2 protein chains.
Amino acid sequence: MPTIKDVAQKAGVSIATVSRFLNGSGYVSEEVKLKLIQVINELGYKRKYTAHILASRKKRKVAMVISERIKQLLNTDIGYFYKVIVESIQQNAETFHFEISLLDLRRVEKFDGYLLIGSDALEQDVQEYKRLGKVVLVDHHVEGLMVDSVVSAGADAATFLVNRFLEMGKKRIIHVHGPLKYYGFRDRYQGYVNTMQKYGLLPITFEYDDLHDDIEPVVKKILANYEPDVIFCSNDVIALRVMEKLKAFGYEIPKKISVVGFDDIPEAERLGLTTFHVDKYEMGVTAVRRLYDLLVGHNVQPRKICLHAYFVKRNSSL
Amino acid sequence: MPTIKDVAQKAGVSIATVSRFLNGSGYVSEEVKLKLIQVINELGYKRKYTAHILASRKKRKVAMVISERIKQLLNTDIGYFYKVIVESIQQNAETFHFEISLLDLRRVEKFDGYLLIGSDALEQDVQEYKRLGKVVLVDHHVEGLMVDSVVSAGADAATFLVNRFLEMGKKRIIHVHGPLKYYGFRDRYQGYVNTMQKYGLLPITFEYDDLHDDIEPVVKKILANYEPDVIFCSNDVIALRVMEKLKAFGYEIPKKISVVGFDDIPEAERLGLTTFHVDKYEMGVTAVRRLYDLLVGHNVQPRKICLHAYFVKRNSSL
């Protein structure tokens, strides 16, 4: 059986280079890559995946970085989403020999790795932690920064939603979204806008902040100016409030208007809200696995992992 | 040490449910998830990751599905990108006990898994293969379909590019893109358009098909109507042709105009083209790993994995 040494010798490069190439753990020029692909073919070299995965049993110090906003949310219904992610990370950390601590956003302390949870971290925060250790953003993404992130595939969900209702002949689809400075809301918003435009339809959007705003004026404006078939909301909290208000105004749901949320919090199930189910637990697992790869130097090319949400039809929509 | 049976008993669910939850291998209601999270905490149950990864040594039949267009491209310079992906899949397949075959797109044959390479597969093609086995799209994505895919993070690269040149005071950034029916071109296009609009700048875009069109009229139009600081092209083939034409017209590169490509094919390195380096080999590795997870039923929640490309500054740009 040919060894990694044989590959290195025949390709005229160091063993370290071959290892970097095979593990995706650092830069190898396009020319050397080509050469290595060829040599590996010629020699019939085979790598063992198992060895590669079991390489490290070392304890690693990992911080879950959480903003003041999210810390407060964790004690409310709205914070359910983050609560599950935090639990998931804590439970799965053990498997990878992580020692997990909580760290306040903007407090700078040295850890091996950081899981930055939620959309409050700014570009400079991310850069700061990246100088100290490996970083994975969880339910957050900064466009153009090329740092690892795990998010839900909100744009795809929005596209699915628009496609689904257009196929049913329901064209008047309105989007009520949270503040667009948050990645998740922005992503769903863009998916909605792009898909409406693709079909030559006018995107109609309203911004609503579920922490500070009253839903009534938003619902009133929608009803006064449009005859909505569907109100697609960027999260369940907004959708539940919209639904309540529509009912109070005497609108039949879903006969007259369909309401759809995003996240699938327990209230959505209890109150019959159609929504997109986001696997929050899997987000935590995925973030932990990704951080592990970064810490052991496997497949380090940064990536954005978008977990698809799936449509759960309940009573609030056709 | 508590076992999976203890967890199931205490939570009042079946062992199969606990296993589905832990492996992410199927639907578990939000309520049961919450219960399990709690019980696992109380009992201090710990899962072994190693067992989970080593579970299967079974041989699996996997098809690399390739369109006629890509098959023809594989014999040309333009096809370099796909050539490396195909090689990478073949070399890494062994590690996961895959038996790899080539299959023409639209030929329907039963395999355990399918890697659909390139952007020619339509929604109905994907659905067809999905009925027969597990599917991962490689360098392709269908918005709203929620099927696993591995792509390069083109929108992020475009955002990086616009940010970078705006910071240098270079505002007249033009985008020359391939046909937007292909996902990769569409993704970079949207990243460019969104980022320009974010800064209140007018996106200026030209479509150019590198297989059929002459580049001269495009370059002439750009020069006649705009005074470009930067021409960002959706791939290296386009960028190299733009660069050649600009030189023929007597423009100094990069002093007068910067030209940037995408992909990093060997010609880019040879001819000094600034571009985004796409790790094609890693795309293959990632697709194989993902298909393996799907085949053994681990973390099956579908996902879109976007590998970040990184900026390689050479002589064609500031």
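- Per an unreviewed UniProt entry, chain A goes by the name Transcriptional regulator, LacI family and belongs to Pseudothermotoga thermarum DSM 5069.

1. Structural notes on the packing of helix α1 (residues 4–11) of chain A against helix α3 (residues 30–43) of chain A
Residue and element names in this part refer to chain A.
Phase 1: At a minimum axis separation of 9 Å, α1 and α3 run at an interaxial angle of 125 degrees. Judged on the interaxial angle alone, α3 and α1 are oblique. For the crossing formed where α1 meets α3, the hand is right-handed. Contact with α1, carried on its side by D6, V7, K10 and A11, involves K35, L36, V39, I40, E42 and L43 of α3 and no other residues of that element.
Phase 2: Looking at the contact of α1 with α3 residue by residue, the classes come out as six nonpolar, no polar and four charged.

2. Re the environment of I204(B)
Residue and element names in this part refer to chain B.
Phase 1: As for its position among the elements, I204 is in strand β7 (residues 204–207).
Phase 2: Put simply, I204 and I174 are 30 residues apart on the chain and 5.3 Å apart in space, counted from C-alpha to C-alpha.
Phase 3: Residues in contact with I204, not counting those within four places in the same chain, are I174, H175, Y192 and Y226.

3. Quick notes on the UniProt feature "domain: HTH cro/C1-type" (unreviewed entry) in chain A
Phase 1: UniProt tags residues 3–46 of chain A as "domain: HTH cro/C1-type" (unreviewed entry).
Phase 2: For residues 3–46 of chain A, the helix share is 70%, the strand share is 0%, and the end-to-end C-alpha distance is 8 Å.

4. Quick notes on unusual backbone geometry
Phase 1: With an omega of 5 degrees, the peptide bond between I253(A) and P254(A) qualifies as cis.
Phase 2: Looking at the secondary structure, you find P254(A) in the loop between α11 (236–248) and β9 (258–260).
Phase 3: Of note, the phi angle at H97(A) is positive, near 60 degrees, even though the residue is not glycine.
Phase 4: Locating H97(A) in the fold gives a position in the loop between α6 (80–93) and β2 (98–104).
Phase 5: For N299(B), which is not glycine, the phi dihedral falls at a positive 50 degrees.
Phase 6: Its location among the elements puts N299(B) in the loop between α13 (280–296) and β11 (303–307).

5. Points about the interface of chain B and chain A
Phase 1: Taken residue by residue, the interface counts 66 residues in chain B and 66 residues in chain A.
Phase 2: With both chains or domains summed, chain B and chain A bury close to 5900 Å², and 53% of this area falls on carbon and sulfur atoms.
Phase 3: At the junction of chain B with chain A, the criterion picks out six salt bridges.
Phase 4: Residues D293(A) and R289(B) are paired through a salt bridge, measuring 3.4 Å at the closest nitrogen-oxygen approach.
Phase 5: Here chain B and chain A share 30 residue pairs in polar contact (both at pLDDT 80 or more) between them.
Phase 6: A class-by-class count of the residues in the side of chain B that touches chain A yields 27 nonpolar, 19 polar and 20 charged.
Phase 7: Bridge analysis of strand β11 (residues 303–307) of chain A against β11(B) gives five bridges, and the strand direction is antiparallel. The partner of K304(A) across the bridge, within β11(B), is C306(B).

6. Focus: the environment of D213(B)
Phase 1: Looking at the secondary structure, you find D213(B) in the loop between β7 and α10 (216–225).
Phase 2: Distance from D213(B) to M146(B), taken between C-alpha atoms, is 34 Å for residues 67 residues apart in sequence.

7. Here's the deal with the sheet that holds β2(A)
Phase 1: Pairing in this open sheet of 12 strands is mixed, and the strands run β2(A)-β1(A)-β3(A)-β4(A)-β5(A)-β11(A)-β11(B)-β5(B)-β4(B)-β3(B)-β1(B)-β2(B) from one edge to the other. The open sheet terminates on both sides in strands that have one partner only, identified here as β2 of chain A together with β2 (98–104) of chain B. This sheet shows a mean twist of 20 degrees between the axes of neighbouring strands, independent of strand direction.

Basis of the calculations
Residues numbered from 1 in each chain as written. Chains lettered and ligands numbered in written order. Predicted model: local features only at pLDDT ≥ 70, side-chain atom pairs only at ≥ 80, totals over all residues. Heavy atoms only, no water. Axes fitted to C-alpha atoms, helices over the stretch in contact; angles between N-to-C directions. Helix = DSSP H or I, 4+ residues; strand = E, 2+ residues; numbered from the N terminus. Parallel < 35°, antiparallel > 145°, perpendicular 65-115°, else oblique. Left-handed = near helix turned anticlockwise from the far one by under 90°. Contact = heavy atoms within 4.5 Å. Nonpolar A, V, L, I, M, F, W, Y, C, P; charged D, E, K, R; others polar. UniProt positions renumbered as here; feature names shortened; annotations may be inferred. Buried area = accessible area lost by both parts, 1.4 Å probe. Salt bridge = Lys/Arg side-chain N within 4 Å of Asp/Glu carboxyl O. Polar contact = N/O pair within 3.5 Å; in protein donor to acceptor, adjacent residues only side chain to side chain. Pairing = 2+ DSSP bridges.

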